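Structural overview for review
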Amino acid sequence: MSGPVDLVEVWRGDILESVHQGHAVVCGPDGAVVAAWGDAEAVIFPRSSCKMIQALPLIESGAADAHGLGVEQLALSCASHQGAHIHTDRVQVWLDTLGLADSDFRCGPQWPGDIPARNEIIRAHAAPCQIHNNCSGKHAGFLTLNRHLGGSADYELVDHPVQQAGKAAFEEVTGETSPGYGIDGCSAPNFATSVHGLARAMSFFATAHDRSDARSKAAVRLRDAMTAFPELVAGETRACTDLMRAMDGRVAIKTGAEAVFVAIIPEKRMGVALKITDGSTRASEAAIAAILVKLGVLDADHPATKARMVPDIRNWRGTLCGHIKPAAALL
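Everything numeric here is computed off the predicted structure, so don't read it as measured data.

Parameters and conventions
Residues numbered from 1 in each chain as written. Predicted model: local features only at pLDDT ≥ 70, side-chain atom pairs only at ≥ 80, totals over all residues. Heavy atoms only, no water. Helix = DSSP H or I, 4+ residues; strand = E, 2+ residues; numbered from the N terminus. Rg over C-alpha atoms; globule rule 2.2 N^0.38 Å. Buried < 20%, exposed > 50% of the residue type's maximum accessible area, 1.4 Å probe, protein only. Contact = heavy atoms within 4.5 Å. Areas by Shrake-Rupley, 256 points an atom, 1.4 Å probe, with all protein chains shown as cover. Lys, Arg positive; Asp, Glu negative; His and termini not counted. Charge placed at Lys NZ, Arg CZ, Asp CG, Glu CD. Salt bridge = Lys/Arg side-chain N within 4 Å of Asp/Glu carboxyl O. Phe/Tyr/Trp six-rings, centres within 6.5 Å; stacked < 30°, edge-to-face > 60°. Expected span 1.5 Å × (residues − 1). Polar contact = N/O pair within 3.5 Å; in protein donor to acceptor, adjacent residues only side chain to side chain. Core = buried A, V, L, I, M, F, W, Y, C linked by side-chain atoms within 4.5 Å. Disulfide = S-S within 2.5 Å.

**Quick notes on the overall build of the protein chain**
Helix and strand counts for the protein chain come out as 14 helices and twelve strands. Computed over C-alpha atoms, the radius of gyration of the protein chain comes to 19 Å, within 12% of the 20 Å expected from 2.2 N^0.38 for 331 residues, which places it in the range of a compact globule. With the C-alpha coordinates aligned to their principal axes, the bounding extent of the protein chain is approximately 60 × 50 × 35 Å. Within the span of the protein chain, comprising 331 residues, buried residues form 55% of the whole. Counting only contacts in the protein chain whose residues sit at least 6 apart along the sequence, the fraction spanning at least 24 positions is 62%. A total of about 13200 Å² of accessible surface is found on the protein chain, and carbon and sulfur atoms cover 53% of it. Counting 30 positive and 37 negative side-chain charges, the protein chain places the centres of these two groups 3 Å from one another.

See the structure below:
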């Protein structure tokens, strides 16, 4: 075992001001580690980076097809969206089709990250609803699966059939028995695994087109939905959306709270997972961009890459004060 290593540096002028440490793993097609930084076996909560795993039972069970879900809805089931109209309007139609209402969600209300949508609510002297929650697409998927299974209304509870199905899929694709769970921001259980386990799961998704079993077919549909609609997975100005666009739909990536990031790379049959130990998003975005550049699937000179991997630091007057960059280990 080893500790976290330096992954991202923050410079102010010519002096190193801060360092973000973490763990990262790249897995090959057999789930074995082909590259690692820090402790590959460090146990983490994947948070929202594992939404495509949580969505596997939605398709495997037959619920997605029974309820006529399209590619956009599958992308939303994997999303941590901005709460813009392109997200909430689609989720609302999904709810309407199920004959359900906002009150059937268990994710809780959240102010949209999308500024126009937030301002619209403020101008109306209203409050956000659960549909604005960044996880409402995932929860619409839970509700769909729950309708198919005939479960009770409290689908977010860890012993509910919806969550038990998610746990079974999670443990099988990570190749590990989860040591425990925490309650996520959206109230659903989030099962812990190692960084290696999470990367192994991403390699499962990356190689799914090689197989014909039900789970692999489900994985292909989910990863392809993510790359087909990157704007639904996150939203305008977000790293997931911008970097997937920069890679022309060849790679699916997903962030999670507290600085987790994953990548699914079908053309290389590789999966990536990383965790920044201090929970800094600026560092996880820089690190995932650097790894994707290192693996040859992201152009270092693309504006979206530069904006995340080597961003300038400017003060409130716009003066250039410093910069962020990957540490030597990632170069």
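And the narrative resumes.
**Some details on the pattern of salt bridges**
Under the counting rule described, the total for this entry stands at 15 salt bridges. Of the charged contacts, one joins D154 and R106 as a salt bridge, the two residues approaching to 3.2 Å between their closest N and O atoms. Separated by 48 residues along the polypeptide, D154 in the loop between helix 7 (136-149) and helix 8 (161-174) and R106 in the loop between helix 5 (85-98) and helix 6 (115-123) bring together distant segments of the chain. We classify D154 as partly exposed; its relative accessible area is 34%. Accessibility expressed as a relative area gives 24% for R106, which makes it partly exposed. R314 is the salt-bridge partner of D312, the closest N and O atoms lying 3.6 Å from each other. Judged by its relative accessible area of 49%, R314 is partly exposed. Via salt bridges that share partners, E60, E172 and R215 belong to a single interconnected network.

**Looking at the packing of aromatic side chains**
Across all of its chains, the model carries four aromatic pairs by this definition. Considering the side-chain rings of F204 and F205, the 5.9 Å spacing of their centres and the 85° angle between planes classify their relative orientation as edge-to-face. We classify F204 as buried; its relative accessible area is 17%. Each member of the aromatic cluster is reached from another via a ring pair, and the members are F170, Y181 and F191.

**Digging into unusual backbone geometry**
Positive phi is not limited to glycine here, since T237 has a value of about 80°. Relative to the assigned elements, T237 resides in the loop between helix 11 (230-233) and helix 12 (239-246). You will see that E258, though not glycine, has its phi angle at about 60°, which is positive. With respect to the helices, strands and loops of the structure, E258 is situated in the loop between strand 8 (252-256) and strand 9 (260-265).

**Regarding the side chain of Q163**
Along the chain, Q163 falls in helix 8. In contact with Q163, not counting residues within four places along its chain, are F142, Y155, E156, L157, V158, A188, P189 and F191.

**Brief notes about helix 7**
Owing to its 3.6 residues per turn, the α-helix brings residues three or four apart onto one side. Between its terminal C-alpha atoms helix 7 stretches 19 Å, which fits the 20 Å expected from 14 residues at 1.5 Å a residue. Within helix 7, eleven of the 14 residues are buried, which leaves the element mostly enclosed by the surrounding structure. Taken residue by residue, helix 7 has S136, G137, K138, H139, A140, G141, F142, L143, T144, L145 and N146 as its buried positions. Residues of helix 7 that are buried in the fold lie against helix 1 (51-54), helix 2 (56-60), helix 3 (63-66), helix 4 (71-77), helix 5 and helix 8. Taken from the residues just after helix 7, G150 is the one with a positive phi, measuring 75°.

**With respect to helix 10 (residues 214-228)**
Between its first and last C-alpha atoms helix 10 spans 21 Å; for 15 residues at 1.5 Å apiece the expected length is 21 Å, and the two agree. Residues R215, S216, A218, A219, V220, L222, R223, A225, M226 and T227 constitute the buried set of helix 10. Between the side-chain oxygen at the start of helix 10 and the backbone nitrogen of R215 there is a gap of 3.3 Å, and the oxygen is on D213.

**Topic: the nonpolar core**
In terms of nonpolar packing, the biggest core is built from 103 residues, with I53, I253 and L292 touching the most fellow members. Excluding its chain neighbours within four sequence positions, the residues that come into contact with I53 are A169, F170, V173, L198, A201, M202 and F205.

**Side note on the state of the cysteines**
Under the definition given, this model contains zero disulfides. Just so you know, C27 is unpaired, no disulfide at all, and the nearest cysteine sulfur is the one on C50, 16 Å from it. Cysteine C240 remains unbridged, with the sulfur of C78 as its closest cysteine sulfur at 11 Å. We classify C240 as buried; its relative accessible area is 2%.

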